[in-house]
Structures are given as C-alpha cells and as structure tokens.
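# Overview (structure and organization)
The chain contents come next:
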Amino acid sequence: MATTERTASERIVADRERYVARGVATTPLVVARAEGARLWDVDGREYVDFAGGLGCQNTGHGFAAAAIHEQVDRYLHQCFMVGMYEPYVEVCKLLDELWPGESETRSLLLNSGAEGIENAVKIARVATGRPAAIAFDHAFHGRTNLTMALTAKVVPYKDGFGPFTPDVYRAALDIDDVHRVLKQDVGPDQVACVVVEPVQGEGGFIPLPTEFPRQLKELCDEHGILYVDDEVQAGVGRTGPVWAIEHYGIEPDLLVSGKSLGGGLPLAGVTGKAEVMDAVKPGGLGGTFGGNPLACAAAVAVLNEVRAPEFRARAEEIGMRIRARLEALSVGEVRGLGPMLAVELPEKTPERASRVTVAARERGLVLLSCGMYGNVIRILVPLTIDDELLERGLGLLEEAFGDADAA
Ligand SMILES: Cc1ncc(COP(=O)(O)O)c(C=O)c1O
C-alpha cells in the first residue's frame, strides 16, 4: 500500500501532539528561520510576520544576533548575585536614561513579564507597607498566581487555576469607578499599587482614555498608592516612543518592561523611583537567571536602537500606513497608539477573527487575534519592516478577510 509522504511540518505537528501539553495552544506553523519581518517554515514556505514572536521583535528578527554572538564567547551565565557583570548594569543604566520622568531610578532584571509584574507588586507592598493591588477591566498581566489574579479574562487564562492571590481588586478604566472601588471594596490606606497597561494588549489593544492616567496618578498620589506601568507589550518602541506612557505625559512610580526588551531572549525589567526600589532589603529580590548576560547584551543593542529619533519616526510612519489600510478595510473599529494597532470586529465571538488568522497563514501572513471575545485582529509587526514588505503583508491581510468572509 502506498504511503503518503508527510511534510516536515506535519511530522513535527504530530510529535507536538504526542509530546507537548495540550494546554499550550499552538498554530500549525513550524518555523525554521526568521529575519527582519519574514519567517520561513520547515517546508521552505515564506511568511510575512505580523506577530513578531508575540510582540518580542520590535527591532526585527536577528537584530540583536551580533551582540549576542559576541557575548556567547565570553560567558553565558554567572548569576548576578554570585558574580556581577557589566551588561546587567548597562541595561539598568539605559533604563534609567530612558525613564519617562525626572526621578533617579534603580532597576531589577528578571526572566519574564509576569515575573516583572510579580516583583513590582512585591516592591510596592514593601515600599508602602500595604497588601492590596488594583487592576483593571480587560487587563492582562501574566499567568503566574499573582498575575492571574490581576488578569481579567477567565477562559483560558484563569479557568480552574484558582485559588488566586487575595487582595486584588478590579476597576473599569474610569476614574469614578476607581473611586467606587476605594469606597466599596478596599480602603485606600490598604492599597499598595495600581497596575495598568498604557495600551491594553491581550485585552484588545485598548489605549487608556486620554485623561485617565493623569487622573489615576493624582488619585494615587493623594493616597500614597504607587502607579505600576505595565509596558511589557506596549513598551520598547511598540507605540513609537520608547514607553507608551510617554503619550500621556505622566511619571509612573514603577515601570515593568519585557517582551521586545531582550530582542528575542527572555528578559524583563522593573524600573522604579530609587526610594521605592530601595525599600526592599538586600536579598529580597533576584533569581537564578534574571538578567542573563546574553539577554542583557541583546537589550543594550535593542534599547539603543529604539531610543533613536529615526526609530520613532519610522514607527510612526508605519503606524499611519497600517491605520489607513485598516480603516479602508471598513471591517470594524480600528484602535491603538502609533503602530500598535488592531481592528475589533463587530461580532462578540472569536470565529470570524479566527477564520481571518487561518486564511492569513494560508496566504503567507502570520497574524494574531486578541480581546475579551477573541474578535480583535492585532498587528505586532517588527518596526524595522520596509515599505514593500509592509504593503505585501497588508495586502495579504485584506485578502485574508476576503477568504474568511467567503468561507
Ligand atoms: C501587558 C503584559 N504584561 C505581562 C505579560 C506577561 O509577560 P510574560 O508572558 O513574558 O510572562 C504580558 C504578556 O503577554 C503582557 O502583554
């Protein structure tokens, strides 16, 4: 009997089903190579990448490779608590130079965004001597126990994973509602921090209402509550400026960075006002791999790139092109900040958005959905993409809508 030859992708997908946990959701894409804003799968098929490894490639695939190669030959790991190394200190110095405010800062480096948020809350608790945190509707802050409690979507992130950390309260993105929470659920003298994304990412690319961050910061200052700015997805140049909070002109107390910070290697940072960060006694913060030398070498290259005025100018230009094309599609509400853009489809179910992302992949475009109802198509394209490839990707996106709606 003739046997059908399996493609390399099919073989790996079959092994993935056999050996990898079902809870890790995957698409059938099996990557062999990536460069800039392009990917190739193991069968040699080329894709335009509008996902950037889930927002981790703002400077493009391979951008930090040379810096990483140089570091590989020196040493891979020391553990900063055992033997210090300059790349870690250099990243903290750059985070201080790029801080969105006047304060002197200190930083701590970690492995993931969730670990960054966990540490920001830990630091806020020590600095204020208070237990509680306030998070917001549509928030996503990670998948660890504390960050699940802060996250605002049950399926799939929280479903069955409780009990969650107590002392986490939730408000709408509306200052009156924060007042309500402080009256109804928790006294302000019990609140260590608010944790808020400047543009909500997984929740559906929802920028904060223009006045809200300033109003929230004023309320926080009135009650001695710390403002934790979660820049894990919106930061490191994703919206144009290095930090998305710069659009709103307020200085946070703590800022958490991640994703694109490590240029593709796992790295997150907590940066904060010196007196807040230094409230924690020596030994209270750290971790075996946090601020790994390779990731730090990459981050130095990434931060120096995204701070350049040309990077921001190009990011803004890309944003205008994407926005114009999304608006011309007339398929739903286009929103975001700079090039961090998405379109929310009117139906509050995930099926149509999912048909679009599948059709896009079949045409050679890697695309992601998000949002409370899974009905938001978002674009996290590397911001180093050239016009020709961007136009190609946007053309494929348009065609994918045609395919999905014809199906
Ligand atoms: C805003 C935000 N915060 C925190 C996280 C968690 O980061 P990580 O997946 O690196 O733990 C994410 C991840 O998507 C995020 O988008």
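Residues numbered from 1 in each chain as written. Predicted model: local features only at pLDDT ≥ 70, side-chain atom pairs only at ≥ 80, totals over all residues. Heavy atoms only, no water.

What follows covers the packing of aromatic side chains. Going through the model one piece at a time under the given rule, you end up with six aromatic pairs. Ring geometry for F136 against F212: centres 5.6 Å apart, planes inclined by 85°, an arrangement best described as edge-to-face. Of this pair, F136 sits in strand β5 (residues 132-136) while F212 sits in helix α8 (residues 212-223), and the two are 76 residues apart along the sequence. One exposure class covers both F136 and F212, and it is buried. Relative to Y157, the ring of F140 has its centre 4.7 Å away and its plane inclined at 65°; by these criteria the two rings are edge-to-face. (Phe/Tyr/Trp six-rings, centres within 6.5 Å; stacked < 30°, edge-to-face > 60°. Helix = DSSP H or I, 4+ residues; strand = E, 2+ residues; numbered from the N terminus. Buried < 20%, exposed > 50% of the residue type's maximum accessible area, 1.4 Å probe, protein only.)

Now for the site of the ligand. Taken together, S112, G113, A114, F140, H141, G142, E197, E202, D230, V232, Q233 and K259 make up all the residues around the ligand. Measuring from an oxygen atom of the ligand, one finds a backbone N or O atom of G113 at 2.8 Å. The separation between an oxygen atom of the ligand and a polar side-chain atom of K259 is 3.1 Å. If the ligand stood free it would expose 390 Å²; the protein chains cover 83% of that surface. Class assignment of the residues belonging to the shell around the ligand gives a composition of three nonpolar, five polar and four charged. (Near = heavy atom within 4 Å. Polar contact = N/O pair within 3.5 Å; in protein donor to acceptor, adjacent residues only side chain to side chain. Areas by Shrake-Rupley, 256 points an atom, 1.4 Å probe, with all protein chains shown as cover. Nonpolar A, V, L, I, M, F, W, Y, C, P; charged D, E, K, R; others polar.)

A few words now on the sheet that holds strand β4 (residues 105-110). Across the sheet, which stays open at both edges, the seven strands sit in the order β4-β12-β11-β10-β7-β5-β6 with mixed pairing between neighbours. In this open sheet, the two strands that pair with only one neighbour each are β4 and β6 (168-171). For this sheet, the mean angle separating the axes of adjacent strands, direction not counted, is 20°. In this structure, strand β7 (residues 191-196) lies alongside strand β10 (residues 226-230), joined through four bridges in parallel fashion. Pairing of V196 across the sheet is with D229, part of β10. Across the sheet, helix α4 (residues 86-97) touches β4, β11 (254-257) and β12 (268-273), and the angle it forms with β4 is around 130°. Each of β5, β6 and β7 touches helix α7 (residues 175-184); the most contacted strand, β6, lies at about 145° to it. (Pairing = 2+ DSSP bridges. Axes fitted to C-alpha atoms, helices over the stretch in contact; angles between N-to-C directions. Contact = heavy atoms within 4.5 Å.)

The next thing to look at is the pairing of β4. With five of six residues buried, β4 is to be regarded as a mostly interior element. Both β4 and β12 contribute to a ladder of six bridges, which runs antiparallel. What sits directly across from R106, in β12, is G272.

So, on to the sheet that holds strand β16 (residues 368-370). Read across the open sheet, the four strands follow the order β13-β14-β17-β16; overall the sheet is antiparallel. Sheet topology places β13 (333-337) and β16 at the edges, where each strand pairs with a single neighbour. Adjacent strand axes in the sheet meet at a mean angle of 30° when their direction is disregarded. The sheet contact formed by β16 and strand β17 (residues 376-379) spans three bridges and is antiparallel. If you follow C370 over to β17, its bridge partner there is V376. Strands in contact with helix α11 (residues 309-329) are β13, β14 (340-344) and β17; relative to β14, the strand with the most contacts, it is inclined by about 10°.

Quick look at helix α10 (residues 293-306) now. Its 14 residues place the ends of α10 20 Å apart at the C-alpha level, agreeing with the 20 Å of an ideal helix rising 1.5 Å per residue. With eleven of its 14 residues buried, α10 lies for the most part within the structure. Of the positions making up α10, those classed as buried are P293, L294, A295, C296, A297, A298, A299, V300, V302, L303 and V306. Contact partners of the buried residues in α10: α3 (65-72), α4, β4 and α11. Of the residues flanking the start of α10, the one acting as N-cap is N292, its side-chain oxygen 3.0 Å from the backbone nitrogen of L294. (Expected span 1.5 Å × (residues − 1).)

In this section: the packing of α7 against α8. Interaxial distance between α7 and α8 falls to 10 Å at its minimum, and their mutual angle equals 30°. On the basis of their axis angle, the class for α7 and α8 is roughly parallel. By crossing handedness, the relation of α7 to α8 is classed as right-handed. On α8, the residues that touch I175, V178, H179 and L182 of α7 are F212, Q215, L216, L219 and H223. Of the residues belonging to the contact of α7 with α8, the class tally is six nonpolar, three polar and no charged. (Parallel < 35°, antiparallel > 145°, perpendicular 65-115°, else oblique. Left-handed = near helix turned anticlockwise from the far one by under 90°.)

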